[in-house]
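Structural overview
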Amino acid sequence: MKQVEKSDIELNDVKDFESITGNGLKGKINGEMHYIGKKSLFKSHYEFPDDLIHKFQNQGKTAVLVGNDKHIVGLIGLRDKIRDLSKSTVKELKNNGIKTVMLTGDNDRTAKTVAENLEIDEYYAELLPQDKVRIIDELLTKNESVAMVGDGVNDAPALARSNVGIAMGAAGSDVAIETADIALMHDDISKINYLIHLSNKTMNIVKQNVAAALLIEISLVVFAVFGFVSLWMAVTFGDMVLTLAVILNALRIGRENSN
């Protein structure tokens, strides 16, 4: 796109555009249907540049084919850039006892290269959206609590199926953000660890508040039965003071995480 912007190339209008989930795109240019995507998108009679495809795959790249109804006209090698903080994020997740699994539509060689680089526990490659959902279901049947992180259209079904769906908000597609339970508004994957830390802190403080409220209320009831607590004391300590204590304790969430 940057190269086209720098040049004097004129772009043609695309008619009858269609996104084929998990496989690629198609549309008519100058009345002729063109396709771009995986090898499975094209019919078997095509003469595929298998040597070039294997060359790209050996380099850890995903081969994207471009063609029309007659033959293949081009080949694009794509490789996702690993986010700068990905490795440290995965390491911290594993240190916290969280198993990491990568689900991708890329070929196995590309997936293996990325998984080994990031030291991910398991990876599954060449997946369609329904395959990602199937693997999430398999993890759920093992009584695993599953959090799914994604940003694309193909991730949306898996985000919906997991216990907690987390969308990368800055770079995510609209359907992924709408489907997810949580949207990270910065394109910073390390925020996942911050999110887990914040969630744990929140649950701990909620448990503290509930336990303290029950203990104080039960104590006041017992003391009131034996005449040690008057009505005004019960209202003051059991209502006003307890409410203020719960609110002040909850404020620790923001203060501790901001540090």
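Provided above is the structure to which this section pertains.
All residue numbers refer to position in the chain's written sequence, counted from 1. Whole-chain, interface and lining totals are the exception, using all residues; otherwise, since this is a predicted model, local features are given only for residues with pLDDT of at least 70 and side-chain atom pairs are given and counted only at 80 or more. Think of the side-chain values as coming from all heavy atoms in the structure, minus any hydrogens and water.

**As for the pattern of salt bridges**
Between Lys or Arg on one side and Asp or Glu on the other, a salt bridge is scored when a side-chain nitrogen of the former is within 4 Å of a carboxyl oxygen of the latter. Evaluated as defined, the whole model comprises nine salt bridges. For the salt bridge of D16 with K28, the shortest nitrogen-to-oxygen distance reads 3.8 Å. Here D16 is found in strand β1 (residues 14-20), whereas its partner K28 is found in strand β2 (residues 24-29), with 12 residues between them in sequence. The partner of E138 in a salt bridge is R134, with the nearest N and O atoms 3.2 Å apart. Taken together, the positions of E138 and R134, both in helix α5 (residues 129-141) and four residues apart, correspond to about one turn of that helix. Three or more residues are tied together by salt bridges with common partners; here these are D131, R134 and E138. A run of H or I in DSSP counts as a helix once it spans at least four residues, and a run of E counts as a strand once it spans at least two, with each numbered from the N terminus.

**Focus: the nonpolar core**
In a soluble, globular protein the nonpolar side chains are often hidden away together inside. The biggest cluster of nonpolar side chains holds 13 residues, and the ones touching the most others in it are L103, I136, V146, M148 and L159. Broken down by element, this core gets its largest block of residues, four residues, from α5. The contact rule is simple, with two residues in contact once any of their heavy atoms fall within 4.5 Å. In this structure I136 touches L103, V146, M148, A158, R161 and S162, once residues within four positions along its chain are discounted. Think of a nonpolar core as a cluster: buried Ala, Val, Leu, Ile, Met, Phe, Trp, Tyr and Cys residues, connected wherever their side-chain atoms sit within 4.5 Å. Think of it in three bands: residues with accessible area under 20% of the maximum for their type are buried, residues over 50% are exposed, and the middle band is partly exposed, with areas taken using a 1.4 Å probe on protein chains only.

**Here we look at the sheet that holds strand β9 (residues 164-168)**
As summarised here, the arrangement of the three strands in space is β8-β9-β10, forming an open sheet in which the pairing is parallel. The open sheet has two edge strands with one neighbour each: β8 (147-150) and β10 (182-184). Direction aside, the axes of adjacent strands within the sheet are offset by 20 degrees on average. Of the strands in this sheet, β8, β9 and β10 are in contact with helix α8 (residues 191-225), which crosses β10 at around 135 degrees. Strand pairing is assigned whenever DSSP identifies at least 2 bridges connecting the two strands. Where helices are involved, their axes are fitted lines through C-alpha atoms of the stretch in contact, as for all axes, and angles between N-to-C directions lie from 0 to 180°.

Such coordinate-based values are descriptive only and should not be taken to indicate function.
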